[in-house]
Amino acid sequence: MKFKQIQILWPITLLLIQSCMRFDLPEVPLNADIKVQEEQDYTLNRISFITDNINSQLINKKLTYNDLFDRVFDISIYEDKFIYQSSEEEKTNIYLKTMNKQIKKKLTNLNLVWDGCFANNDENFAYVYAVGGFVNIYKDELIGSRNRERITDVRTWTVNPMFSNDDSKIIYAKRDRTGGNISEKDGREIPEYKYFIYEYDVEKKENTNYWIGYNPCYFPNDNNKIAYVKISNTYPEIWIGDLTTGEEKLLLSDDKVGFIQPVVSPDGRRIAFSSLSKVGEEEQNFDVYIVNTDGTNKRQITYHPGNDYCPKWSKDGNSIYFVSQRGNRGGKYCIWKISLTTYQIM
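Below you will find a few notes about this structure.

Calculation notes
- Residues numbered from 1 in each chain as written.
- Predicted model: local features only at pLDDT ≥ 70, side-chain atom pairs only at ≥ 80, totals over all residues.
- Heavy atoms only, no water.
- Core = buried A, V, L, I, M, F, W, Y, C linked by side-chain atoms within 4.5 Å.
- Buried < 20%, exposed > 50% of the residue type's maximum accessible area, 1.4 Å probe, protein only.
- Helix = DSSP H or I, 4+ residues; strand = E, 2+ residues; numbered from the N terminus.
- Phe/Tyr/Trp six-rings, centres within 6.5 Å; stacked < 30°, edge-to-face > 60°.
- Lys NZ or Arg CZ within 6 Å of the ring centre and 35° of its normal.
- Polar contact = N/O pair within 3.5 Å; in protein donor to acceptor, adjacent residues only side chain to side chain.

### A short note on the nonpolar core
Here comes step 1: In this structure, Phe73, Phe286 and Tyr309 are the most contacted members of the largest nonpolar core, which totals 72 residues.
Here comes step 2: Here this core takes five residues from strand E20 (residues 283–292), the largest share from any one element.
Here comes step 3: In terms of nonpolar packing, the next biggest core, distinct from the first, is built from 11 residues, Ile83, Phe125, Tyr138 and Leu142 among them.

### With respect to the packing of aromatic side chains
Any two aromatic rings considered together are summarised by their centre-to-centre distance and by the angle between their planes.
Here comes step 1: Following the criterion strictly, the structure yields 16 aromatic pairs and no others.
Here comes step 2: Plain terms: the ring middles of Trp114 and Trp157 are 6.0 Å apart, the flat faces sit at 55° to each other, and that makes the pair tilted. Residue Trp114 is located in strand E6 (residues 113–118), and its partner Trp157 is located in the loop between strand E9 (149–150) and strand E10 (158–163); the two are separated by 43 residues in the primary sequence.
Here comes step 3: Relative accessible area serves as the criterion here: at 34%, Trp157 is assigned to the partly exposed category.
Here comes step 4: Plain terms: the ring middles of Tyr210 and Trp211 are 5.4 Å apart, the flat faces sit at 40° to each other, and that makes the pair tilted.
Here comes step 5: Feature note: the residues Phe125, Tyr127, Tyr129 and Tyr138 constitute an aromatic cluster, connected by ring pairs.
Here comes step 6: Its guanidinium or amino end placed over the ring of Trp239, Lys230 lies 4.6 Å from that ring's centre, counting from NZ or CZ.

### Digging into the side chain of Asp67
Here comes step 1: For Asp67, the position within the fold is in the loop between strand E1 (43–46) and strand E2 (73–75).
Here comes step 2: Classification of Asp67 as buried rests on a relative accessible area of 18%.
Here comes step 3: Polar side-chain contacts of Asp67 include one of 2.7 Å to the side chain of Lys61.
Here comes step 4: A polar side-chain atom of Asp67 sits 2.8 Å from the main-chain amide nitrogen of Thr64.

Written out as structure tokens, the structure is:
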């Protein structure tokens, strides 16, 4: 924090500095309102607490698309509980909470664990775990969490796991060499790496490689169709892929902004995603958007000056869960639920 150079006693100056450090005051407080004018037709409900320390390492950072590469939380199929990544004990792990806030459980007791997702049987979950510079995917039980199964065993990064509708497959992204090279400024040629979509067969324990991409998400009731992110030009784009035919279809692309974290609605007709929005003349922050699966009717859902990202649909498709900085001046992240059909603050 910068202080004006004024003539005051050093003990008083030191006291002021210690006071500011103690309360960890932000340099520029965010709008602490729960919602802004453009959101007045929506219901907003806070799901988690500030003390859950969700994505605490990103609080004072100007976010980029790379910062939001992972899925921060997931909602169970019955919407009675959620899992989230937290650095609550100075180590990043996956935690579980019931929606009524009565039960909280630490599911992993490791470090550098993220990208947690529920299985549809409501008994298992998957996550990624970084050890020795390499990131692999693991599967475990919600009750007990002592039967850990390693899904990938690679000396690279595997991220973004998601179970298929019947839990027979796990879709994910893996960092691989493309076969080409990149020229450095000093003229050196280095190998080029990109993320590719892979699918793991749980019974056969086999992996199938598809296209370049990340953030894969199955369509409801269709294990052969996914939405995912791919960078074919400058910014991330949303694509739809058919795992049976290998066909890819571009859904959203823009030469000025990117689209990430797609998730398909329960009826398969809409996709929620995150994208940068302009606030004022220069500042940008992330907001949640919706688009039809045919690429029409793209519209912005959140407008808060704090970051809103990582959308998840409710079971009935009438609400969206997401991560947001709203509701507190410290800019800390919590999970919120926004209803698209009613007007009320809960």
